[in-house]
Amino acid sequence: MVAHLHRATHSKNSFSHTRRLNRACNSDVMVIIPALNEEKNIATVIQELNQMGYDNILVIDGNSTDRTVEVAKEFGANIIAQNGSGKGDALRQAFNHDGLDGKAIVMMDADGSMDPKEIPLFIEALDSGVDLVKGSRFLRYGHSEDMTLIRWIGNRFFVSLVNLFWSANYTDLCYGFGAFKKDAIKKLHPYLKSTNFEVETEIFIKAKKLGLVVTEVPSIEFRRRHGKSNLSAFRDGFRILKTIIEELVSRRSIKLHHR
Ligand SMILES: Nc1nc2c(ncn2[C@@H]2O[C@H](COP(=O)(O)OP(=O)(O)O)[C@@H](O)[C@H]2O)c(=O)[nH]1
Ligand SMILES: [Mg+2]
């Protein structure tokens, strides 16, 4: 399984085998990718997706000042220009996009830190009757090469709070590799309001509030290939904490509204 997951250990043979196996059903999968100034990373991500047979790719460009849009277009992705700013705002715009199609919607980053070869694992879990599959760097066979101590502490603390308050058994929280049934996005989207990196926290809490079936699969997070993270541990950590507190305060409203 580790070999199945790890980019570096994938043999050429097993890769083409996986590719053949999955190509037939990949037309039902749409991949949405928020991107801000990722001109050096986005081409590889799109190429790797294509190699896996995923060619329905929607990039939500956060008004990049580099050649992200040109490169993504050149490699065959569809692009929408983000109206607002922030990763959360970009994902919400994608969730609400008219062209959102496919039975399964995969969200992943544009920086090369997530491996498209893991997607079949997410889809397999979705096919077993789950609404939302989230990648976890802390499950067995999961791992992160891009985890500072402060991020590790914050993530541990926040995931414990979410598990405590919403009876979840998540092992990871602030990680944006995931797959949704399209219906799950339709249910979630009206309730989402995050603009920045608190978006994953909001999604995973609201999924529980709405009674969606959520499961985790192991995932390996690599370092971004080029460039620097847009996340600031303290600023975004504070936003995540604020999101958890707000969700606690409005604990019942989503259920009442949803009935
Ligand atoms: N559209 C859009 N994408 C963003 C924005 N901020 C970050 N991203 C993308 O969101 C993903 C995760 O961001 P990143 O800076 O790598 O954060 P980290 O992975 O938490 O360190 C990457 O694909 C970024 O290009 C934004 O304001 N708009
Ligand atoms: Mg990143």
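Read on for an overview of the structure.

Reading guide: rules and limits
- Positions within a chain are numbered from 1, following the residues in the order the chain's sequence is written.
- Labels are handed out in written order, letters beginning with A for the chains and numbers beginning with 1 for the ligands.
- At least 70 in pLDDT is required for a residue's local features to be given in this predicted model, at least 80 for side-chain atom pairs to be given and counted, and no such filter applies to totals for whole chains, interfaces and linings, which use all residues.
- Excluding hydrogens and water, the side-chain figures rest on all heavy atoms present in the structure.
- Labels follow the DSSP assignment, with helices taken as runs of H or I lasting at least four residues and strands as runs of E lasting at least two, numbered in each case from the N terminus.
- Only protein chains enter the accessibility calculation, which uses a 1.4 Å probe. A residue is then buried if its area is under 20% of the maximum for its type, exposed if over 50%, and partly exposed in between.
- Whether two residues are in contact is decided by their heavy atoms: any pair within 4.5 Å suffices.
- Here the accessible surface of atoms and residues is derived via Shrake-Rupley with a 1.4 Å probe, and residues count as covered only by protein chains that are part of the display.
- Note on pairing: DSSP must find at least two bridges between two strands before they are called paired.
- A fitted line through C-alpha atoms serves as each axis, taken over the contacting stretch for helices, and the angle formed by two N-to-C directions is quoted from 0 to 180°.
- Think of it this way: a Phe, Tyr or Trp ring, Trp meaning its six-membered ring, pairs with another when their centres are within 6.5 Å, and the plane angle makes it stacked under 30 degrees, edge-to-face over 60, tilted otherwise.
- Small angles under 35 degrees read as roughly parallel and large ones over 145 as roughly antiparallel, with 65 to 115 read as roughly perpendicular and the rest as oblique.
- In this classification, the charged set is Asp, Glu, Lys and Arg, the nonpolar set is Ala, Val, Leu, Ile, Met, Phe, Trp, Tyr, Cys and Pro, and all remaining amino acids, among them Gly, are polar.
- We call a residue near a molecule or strand as soon as one heavy atom of that residue lies within 4 Å of the molecule or strand.
- Pairing of N or O atoms within 3.5 Å defines a polar contact, subject to two protein rules: one partner must be a possible hydrogen donor and the other a possible acceptor, and residues neighboring in sequence count only if both atoms are side-chain atoms.

1. Let's talk about the overall build of the protein chain
When you go through the protein chain residue by residue, the secondary structure sums to 11 helices and nine strands. Within the protein chain, buried positions represent 53% of all 259 residues. In the protein chain, once contacts between residues fewer than 6 apart in sequence are set aside, the share between residues at least 24 apart is 78%. When the accessible surface of the protein chain is split by element, carbon and sulfur atoms take 52% of a total near 12,100 Å².

2. Describing the sheet that holds strand E2 (residues 57-61)
Strands belonging to one sheet form pairs held by backbone hydrogen bonds; the direction of such a pair is parallel or antiparallel. Spatial ordering of the open sheet is given by E3-E2-E1-E4-E7-E5-E8, a layout of seven strands whose pairing is mixed. Lying at the two open borders of the sheet, with one neighbouring strand each, are strand E3 (78-81) and strand E8 (214-218). When strand polarity is set aside, the average angle formed by the axes of neighbouring strands in this sheet is 20°. As paired strands, strand E5 (residues 132-136) and E8 are joined by five bridges and run parallel to one another. From the neighbouring strand, Lys134 faces E8, where its bridge partner is Glu216. Relative to the sheet, helix H5 (residues 87-95) contacts strand E1 (29-35), E2, E3, strand E4 (104-107) and strand E7 (178-181), its axis offset from that of E1 by approximately 150°.

3. Considering the packing of aromatic side chains
Enumeration over the complete set of coordinates arrives at five aromatic pairs. Arranged with centres 4.6 Å apart and planes meeting at 35°, the rings of Phe122 and Phe177 form a pair that is tilted. Taken together, the residues span a long stretch of sequence, with Phe122 in helix H6 (residues 119-127) and Phe177 in the loop between helix H7 (149-166) and E7 at a distance of 55 residues. Looking at Phe122, the relative accessible area reads 0%, which means it is buried.

4. A closer look at the packing of H7 against helix H10 (residues 233-249)
Where H7 meets H10, the axes come as close as 11 Å, and the angle between the chain directions of the two elements is 5°. Comparing the axis directions of H7 and H10 gives the class roughly parallel. Contact residues: Ile150, Phe157, Phe158, Leu161, Val162, Phe165 and Trp166 in H7; Ala233, Phe234, Gly237, Ile240, Leu241, Ile244, Glu247 and Leu248 in H10. Residue composition of the contact of H7 with H10, by class: 13 nonpolar, one polar and one charged.

5. Observations regarding the site of ligand 1
In the neighbourhood of ligand 1, 20 residues make up the surrounding shell, with Glu38, Gln82, Ala110, Ser229 and Asn230 lying closest. At 3.3 Å, a backbone N or O of Ala35 approaches a nitrogen atom of ligand 1. When the free accessible area of ligand 1 is taken as 570 Å², the share hidden by the protein chains comes to 94%. Of the residues contributing to the shell around ligand 1, the split by class is eight nonpolar, five polar and seven charged.

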